[in-house]
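Letter by letter, the chains look like this.
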Amino acid sequence: MIVRYPLKCAGCETISVLRIAVTDREREPFSFQCAECRQAISGVHVTDQERVQILGLHELRGATVASSEKGARFTHTYCPDFATEIAHAETLGLSPFITASMRLGSDLVPRMARITMFFNLVSNDGEEMQRIARNFFSENWDHFAAGTGKYLKDWPVAEPIDRQRALFQLLELMVGTLFTSEGHVELITKMSNFLAGLAAKSRPALLGFVDDALSQHYLSESRQTLVEIILRFLERADDFRSVLPFWNPADPDAVFPSDLTVTAPRSFHELKSLYVDAYEAVARALTVVSALANLDVRGHHDNYLTHPILGKKFAPQSMGEFHKKSHAPKLAYLAELPWLERWILPALEPKLRNAIGHNSSRYDATTGDIEYQLDGASGFKSISYGDFLFSLLRLVRSALQLAHLMKQLYVHHYFRNRELA
């Protein structure tokens, strides 16, 4: 349901029509800028869910409610559940829900069911999932067992391998509705088969790599930081609500529709740190990935090729040297594992990461467009806020997938310890 309010801008007195969607939340904050003078306009749309009443706009700033829509020049459609269109008053678009329905057809209902399930899990169990993970990484096993026992009845957690399995079972429960697809499952299976193949070729070589990765903390730090990225995403899940109907886990590299815009509150400055940290976590995990490629192709995890483009300028002699080098050139080493490259490489956009990390990106609060520099002083690229959110979703998906790889390496470590005992 869409409710209309004519608003007179306090800055230039231009009348704009605010079309705001009624949601299942009694207080729906909104904000936008006057299309004429960029006056910030904000407020809260209030409803009484129990009495099924619309109580109107409260805490309105930057504008007043006009007596009518006469003379309205602009329209702002605000919908936190769907990305939408901004149109002039005389050429109003359809409601965001109808627009999404026309785009997605019969696929809209199952998508919304998955999204509803996801947000119910975040709302009801997100904080408990955070606590379970904190107890896992701090090795507080009594509280970890109590937390997991609420969801996984009679699940064994006495052994390290079982504790890890419980943690990842709950992670997949929380985010699986957004990221699980046939291809995702096939990738996790491929990882398991790949490591089994390495063990079959030379188990001592695989375990030697695992020992080296553990002694230098690459394996433990990657597993923890990748999981922490997923948990931080859960804390910011509401920021992604309006783009999720257009996110397809079976086609995660699809671009965000160019004719749609996010009108829900944009949190670019708050999400920048998550983007940079997610990129760093995925890029640092390439130390383990590249070492596995070395082990598979050349028989030892420290046996690196020189860089295919940079040559001797990037020629690590060990996993430790590789880990210390800059991230962007590392992406070329994914080519030796093409089955993993096609999932991870599209999520890593070095130029966008550097622009955001070095504060050289330009963010337009009116349109939500983000402009960042390419090679050369005059080269720039612009992406929409929806594109940015899609890029973050791809990074979180990659973090989940690489966390599974770290988990499976730990399985080989756990089984070795059990045999030695």
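The coordinates are above.
Rules of the game
- Residues numbered from 1 in each chain as written.
- Predicted model: local features only at pLDDT ≥ 70, side-chain atom pairs only at ≥ 80, totals over all residues.
- Heavy atoms only, no water.
- Helix = DSSP H or I, 4+ residues; strand = E, 2+ residues; numbered from the N terminus.
- Polar contact = N/O pair within 3.5 Å; in protein donor to acceptor, adjacent residues only side chain to side chain.
- Contact = heavy atoms within 4.5 Å.
- Expected span 1.5 Å × (residues − 1).
- Bend = angle between axes of the 7 residues up to and from the residue.
- Buried < 20%, exposed > 50% of the residue type's maximum accessible area, 1.4 Å probe, protein only.
- Pairing = 2+ DSSP bridges.

The phi torsion of most residues other than glycine is negative, and most of the peptide bonds are trans. Phi angles above zero are rare outside glycine, and R38 is one such case at about 65 degrees. Its place among the elements puts R38 in the loop between strand 3 (27–33) and strand 4 (40–48).

What follows deals with the side chain of T287. The topology assignment puts T287 in helix 7 (residues 268–298). Only 2.7 Å separates the side chain of T287 from the side chain of H323, close enough to count as a polar contact. Ignoring anything within four residues of it in the chain, the contact list for T287 reads Y218, Y304, M319, F322, H323 and K330.

A word on helix 5 (residues 182–215). With 34 residues, helix 5 should cover 50 Å at 1.5 Å per step; its first-to-last C-alpha distance of 35 Å lies more than 12% under that length. The axis of helix 5 is deflected most strongly, by about 125 degrees, at S202, and proline P204 appears within four residues downstream. Looking at the residues trailing helix 5, positive phi occurs at H217, about 70 degrees.

A few words on the pairing of strand 2 (residues 15–21). Counting buried positions along strand 2 gives seven out of seven residues, so the element sits mostly inside the fold. What you see with strand 2 is no split at all: I15, V17, R19 and A21 on one side and S16, L18 and I20 on the other are buried throughout. Two elements, strand 1 (residues 2–9) and strand 2, share seven bridges in a ladder whose sense is antiparallel. Residue pairing across strands places I2 opposite A21, the latter belonging to strand 2. The turn joining strand 1 and strand 2, which pair antiparallel and follow one another in sequence, is formed by five residues; a positive phi near 65 degrees is taken by E13. Both strand 2 and strand 7 (residues 74–78) contribute to a ladder of five bridges, which runs parallel. What sits directly across from S16, in strand 7, is F74.

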